[in-house]
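Fold and geometry: a report
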Amino acid sequence: MSGMLERFENSEAVLLMYLAGELSEEERLTVERMLAADASLRAAMEELRAALEAVSDAIGRLDAAEGPVPAEAVIRRTVRRMRQYRVVEQPVATAARRQFVLARWPVWARAAAGVAAVIVVALGLWGVGLIDFPPGGHGQTEVVETSDDSSAILAAKLEKSFAEESTSLERAELEAHAIREEDWFFRHMN
Amino acid sequence: MEKMLASAVRVAAGQGESVSDEVLAQRLRQGDMAAGEELVRRYCQPLMRYLRRVTGSDEVAEDLHQQTWLSVLQHIARFDGSCSSGGFKSWLFRIATNKVTDFWRSRTRERTAMEGLMRVTESAGPDAGSGIEAQEQIEKLKRAIAQLPENQREVLFLRQYANMKFTEIAQVLGCPLNTALGRMHKAVLKLRQLME
């Protein structure tokens, strides 16, 4: 193949493009020079042209034999589904677009906006006296005293209860296993 | 832009010319379902024939036809007629081909191929008006088409029904131009051989 036609892998590809009229003017002239000089290439081109026409005609005959697609019914059903889609799925598409717009903001900007919103709300609530800040601030803090002793007793009780429960579960499992083994033994012995 | 578009539509309508696909797509994007219906009507025959030949089933073809148009609605905002190579038709057949690919993926190839072949061989007998020989040829062609690999069928029928250039077909299928040409060449030779 000529250097100009190097983008094609083989002569069949070049001939297909030539017959389809998709080569550039320069490429077309090159192919025509080659066809004029090479009888075997000319024969290959004629064979390919005949095959393309035969297949195209055969598919045309097949279409004619099968008759036209029942277009009106197909169009009616398709358009009905499209209208349903417009009615039902449009809001989803709008929501998705809103999400897309939100997603265009960088993460740091969204985080900063969130923090700013929290601060504004907190300041607003503090301003009207609905919340108090720790001592040294604007309001008074109520300190709830907790007893270390009562916490320790509660923790010990919980631990004991858990240990007892685990032991009884393990025991029940061991007993069930022993019963299963006994059953298996007697079944196989008999 | 909108005004230019509207005037283009008015001029075209006034002169009795057919409105371009791209103008109809623009109107559909603005929510004009009549434009959508016109596009569906315009491409019904080639698109349905393509889907029918590639899938081997009328029912599947109609289902994929509907799915294709729903995808068109879903993504119409992304379609840019001025940039999209091959225009609306290429875009439409690209969506349809993707639907076909999804369809093949969702079912096992062997099973589907077998079903397609059965449908082809069990299809209606000869028409009263047509000769037996012609009918035999048609049956032979159907069987031959069913034996083609899926990727060869796609190239062959995109060319046949969408009348697309090979460069456009390669873009639609997402493969190099040489691959698309190779598939076409193999498909044509194989069909011719099987029909003889």
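It should be emphasised that the depicted structure is a prediction, and the values quoted were computed from it without experimental measurement. (Residues numbered from 1 in each chain as written. Chains lettered and ligands numbered in written order. Predicted model: local features only at pLDDT ≥ 70, side-chain atom pairs only at ≥ 80, totals over all residues.)

Section: the overall build of chain B
The criterion, for reference: Strands here mean DSSP runs of E at least two residues long; helices mean DSSP runs of H or I at least four residues long; both are numbered from the N terminus. With C-beta atoms placed from the backbone, a residue is buried if 20 or more other C-beta atoms are within 10 Å of its own, exposed if 12 or fewer are, and partly exposed between those counts. Distance between backbone-placed C-beta atoms decides contact: two residues are in contact if it is within 7 Å.
Of the regular secondary structure elements, chain B holds 10 helices and 0 strands. Ordered by position in the sequence, the α and β elements of chain B form the string α-α-α-α-α-α-α-α-α-α. Within chain B, the fraction of its 196 residues that count as buried is 37%. For chain B, restricting intrachain contacts to residue pairs at least 6 apart in sequence, the fraction spanning at least 24 positions comes to 63%.

Re the interface of chain A and chain B
By a frequent convention, interface size equals the accessible area lost on bringing the separate parts together. Convention followed: Under the grouping applied here, Gly and all other residues not named as nonpolar or charged are polar, the nonpolar ones being Ala, Val, Leu, Ile, Met, Phe, Trp, Tyr, Cys and Pro and the charged ones Asp, Glu, Lys and Arg.
Contacts between the two partners involve 32 residues from chain A, matched on the other side by 33 residues from chain B. Residue assignment for the side of chain A that touches chain B shows that the elements contributing at least two residues are α1 (11–20), α3 (39–66) and α4 (71–103) of chain A. Partitioned by chemical class, the residues of the side of chain A that touches chain B number 21 nonpolar, 2 polar and 9 charged.

As for unusual backbone geometry
Excluding glycine, residues mostly carry a negative phi; peptide bonds, for their part, are mostly trans. All names here are of chain B. At Asn 163, a position not held by glycine, the phi torsion is positive, near 55°. Tracing the chain through its elements places Asn 163 in the loop between α8 (150–161) and α9 (166–173). On the basis of neighbour counts, which here come to 10 C-beta atoms within 10 Å, the residue Asn 163 falls in the exposed class.

As for the environment of Gly87(B)
Residue and element names in this part refer to chain B. Looking at the element boundaries, Gly 87 is found in helix α5 (residues 87–106). A tally of 16 C-beta atoms within 10 Å means that Gly 87 is categorised as partly exposed. Counting along the chain gives 81 residues from Gly 87 to Glu 168, while the straight-line C-alpha distance between them is 9.9 Å.

What about the confidence of the model for chain A?
For clarity, the cut-off: Confidence scores per residue from the predictor, reported as pLDDT, run from 0 to 100.
Put simply, chain A has an average pLDDT of 76, and 58% of its residues get 70 or more. Across chain A, the secondary-structure element scoring lowest on mean pLDDT is helix α6 (residues 148–189) of chain A, at 65, and the one scoring highest is α1(A), at 94.

Considerations on the packing of helix α3 (residues 33–55) of chain B against α8(B)
Residue and element names in this part refer to chain B. The line we're drawing: A fitted line through C-alpha atoms represents every axis, and for helices the fit uses only the stretch in contact; the resulting angles, taken between N-to-C directions, go from 0 to 180 degrees. Should an angle lie under 35 degrees it is considered roughly parallel, over 145 roughly antiparallel, and from 65 to 115 roughly perpendicular; all remaining angles are considered oblique. It is the rotation of the near helix from the far one that decides the hand of a crossing: anticlockwise by less than a right angle makes it left-handed, clockwise makes it right-handed.
Packing of α3 against α8 leaves a shortest axis separation of 10 Å and a crossing angle of 160°. It follows that α3 is roughly antiparallel to α8 by the angle criterion. The handedness of the crossing between α3 and α8 comes out as right-handed. Judged by residue contacts, Pro 46, Arg 49, Tyr 50, Arg 53 and Val 54 of α3 engage Arg 153, Glu 154, Phe 157, Leu 158 and Tyr 161 from α8. Residue composition of the contact of α3 with α8, by class: 6 nonpolar, no polar and 4 charged.

Some remarks on the confidence of the model for chain B
Residues and elements named next belong to chain B. Here chain B shows a mean pLDDT of 81. Residues at 70 or above account for 77%. The secondary structure element of chain B with the lowest average pLDDT is helix α1 (residues 2–14), at 44, and the one with the highest is helix α4 (residues 58–75), at 94. Taken as a whole, residues 120–128 scores under 50 in pLDDT and shows 8 contacts with residues more than four places along the chain or in a different chain. Model confidence for the complex is summarised by a pTM of 0.61, with the ipTM given as 0.73.

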